[in-house]
Amino acid sequence: MILLAAAPRKYDIYSSPGFIMSTGKFKYEIGCILYNIGALHTELGAMDARNTPDGMKISCTHFQCAAWAFQGSDQVPTLLTFLYNVSLAQAQECILEKSMTDNRKPTIIGKNYSLQEFWGIRKRNKKPWVSSSPDSTVTEIAGSRKIKMWRRYCEFKMAYHGAVALLYQGMQAEEQQKMGERVAYYQAAVDMLKEASKLAKNLDQQEDEMDRLNKAAQSMCEEDAYELIGESLTFSHDVMGGKLTAAQKENEFVYHEKVPAATTLPEVKGASLVKGIPFSVTDPEVAGQDIFIKLVPMEAY
């Protein structure tokens, strides 16, 4: 039997400074440790600019390790489920970026459509978990203002990655010589990107939270997070708008195919390419050398 001289103490990072909760449950201590491990891996994953193949791979691994840690902790199930899915979404983003950098086929890149499911926290109605009314425990822990920021950012991510997926579906339709569908997909991509741009404007209203994103962005470059989002949207508008204009002209003067309505386009079947990566707490490479090796030498066994 192990006797603890003092109960584990938790400093709540979401609440005001000075708030401390004390408990004597060992399971709670394990949950706190797993949460900290998950938080550390997300921080390490976000530190890399992901502009090299190795950087993308390392970030992807960190996010998957974070997902496993959040899944193993049961302190606040609703909140941790959200963090688990966000971690997997970021890992899937790394794979999407790698696929685009390698110029993979549109069919392969389009499978990353499942990013929308991750950012929507796998809700059938395609709305993020934070867009609904979270339980009182989550609201008490994180605060309504932070939840609002999470909701807006998830909605933006869903719209933006939805536009990217539609763009590559249009490119796939072009390879298959389905020129009418190509125009429909490009038009849907442009419309979705416009929605993402509107949602991005709401992000700048959350000044305190954007300041935290800016600090994270400074580790990657000199620009702040909102400027990075704006540049990405501008570039995407140029690419998608250019492809839509060219496709419309070619279809009007050359192919003369009927352009189907966006609602009649085939539903995309996304593929989840990521999962939580576990580790063994007894692995010396993870936990280091046994701290009790001098206290209880192996010869004693």
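Our structure's up above, just so we're on the same page.
Treat the numbers as computed from the prediction; the structure is a model and nothing was measured. Starting afresh in each chain, residues are numbered from 1 along the sequence in its written order. Where totals are concerned, whole chains, interfaces and linings use all residues; where local detail is concerned, this predicted model gives features only for residues with pLDDT of at least 70, and gives and counts side-chain atom pairs only at 80 or more. In computing side-chain values, all of the structure's heavy atoms are included and hydrogens and water are not.

## Side note on the overall build of the protein chain
Okay, step 1: Helix and strand labels come from DSSP, where a helix needs a run of H or I of at least four residues and a strand needs a run of E of at least two; each type is numbered from the N terminus. Each helix and strand counted, the protein chain has 11 helices and 2 strands in total.
Okay, step 2: The buried label applies to any residue whose accessible area, calculated with a 1.4 Å probe on protein chains only, is under 20% of its type's maximum; exposed applies above 50%, and partly exposed to all values in between. Of all 301 residues assigned to the protein chain, the portion counted as buried reaches 39%.
Okay, step 3: In the protein chain, the proportion of contacts linking residues at least 24 apart, taken out of those at least 6 apart, comes to 69%.
Okay, step 4: Carbon together with sulfur atoms contributes 55% to the accessible area of the protein chain, which is approximately 18100 Å² in total. By definition in these notes, contact holds between two residues if any of their heavy atoms fall within 4.5 Å. Using a 1.4 Å probe, the Shrake-Rupley method yields the accessible areas, and only the shown protein chains count as cover for residues.

## Points about the side chain of Arg 182
Okay, step 1: Locating Arg 182 in the fold gives a position in helix α8 (residues 179–203).
Okay, step 2: Any pair of nitrogen or oxygen atoms within 3.5 Å is treated as a polar contact; in protein, a donor-acceptor pairing is required on top of that, and neighbouring residues in sequence qualify only through side-chain atoms on both sides. A polar contact of 3.3 Å, which involves the side chain of Arg 182, links it to the side chain of Glu 174.
Okay, step 3: Polar contacts involving the side chain of Arg 182 include one to the side chain of Glu 250, which spans 2.8 Å.
Okay, step 4: If we ignore the near neighbours within four places in the chain, the residues touching Arg 182 are Gly 170, Ala 173, Glu 174, Ala 247, Glu 250 and Tyr 255.

## As for the nonpolar core
In a soluble, globular protein the nonpolar side chains are often hidden away together inside.
Okay, step 1: Among buried residues, those of type Ala, Val, Leu, Ile, Met, Phe, Trp, Tyr and Cys that are joined through side-chain atoms within 4.5 Å constitute a nonpolar core. Counting residues in hydrophobic clusters, the biggest one holds 30 residues, and the most contacted among them are Phe 156, Tyr 160, Leu 233 and Met 240.
Okay, step 2: Elements supplying a minimum of two residues to this core: α7 (144–175), α8 and α10 (225–255).
Okay, step 3: Among the elements that take part in this core, α8 stands out by supplying 12 residues, more than any other.
Okay, step 4: Dropping the residues within four chain positions of it, Phe 156 is found in contact with Ala 196, Leu 199, Ala 200, Leu 203, Ile 229 and Leu 233.
Okay, step 5: Among the nonpolar cores identified, the runner-up in size contains 25 residues, and Leu 83, Leu 88, Cys 94 and Val 138 belong to it.

## Quick look at the packing of aromatic side chains
Okay, step 1: Note on aromatic pairs: the rings of Phe, Tyr and Trp (six-membered ring only in Trp) are paired at centre separations within 6.5 Å, and the planes decide the class, stacked below 30 degrees, edge-to-face beyond 60, tilted for the rest. Enumeration according to the criterion identifies 5 aromatic pairs in this entry.
Okay, step 2: Judged by centre distance (6.3 Å) and plane angle (45°), the ring pair of Tyr 153 and Phe 156 falls under tilted. With a gap of 3 residues between them, Tyr 153 and Phe 156 both fall in helix α7, about one helical turn apart.
Okay, step 3: Overall, the relative accessible area of 23% leaves Tyr 153 in the partly exposed class.

## Some words on α10
Okay, step 1: Between the first and last C-alpha of α10 there are 42 Å, a value that for 31 residues agrees with the 45 Å anticipated at 1.5 Å per step.
Okay, step 2: Ala 225, Ile 229, Leu 233, Ser 236, Met 240, Leu 244, Ala 247 and Asn 251 are the residues of α10 that are buried.
Okay, step 3: Positive phi shows up at His 256, right after α10, with a value of about 55°. Expected helix span is given by 1.5 Å per residue-to-residue step, counting one fewer step than there are residues.

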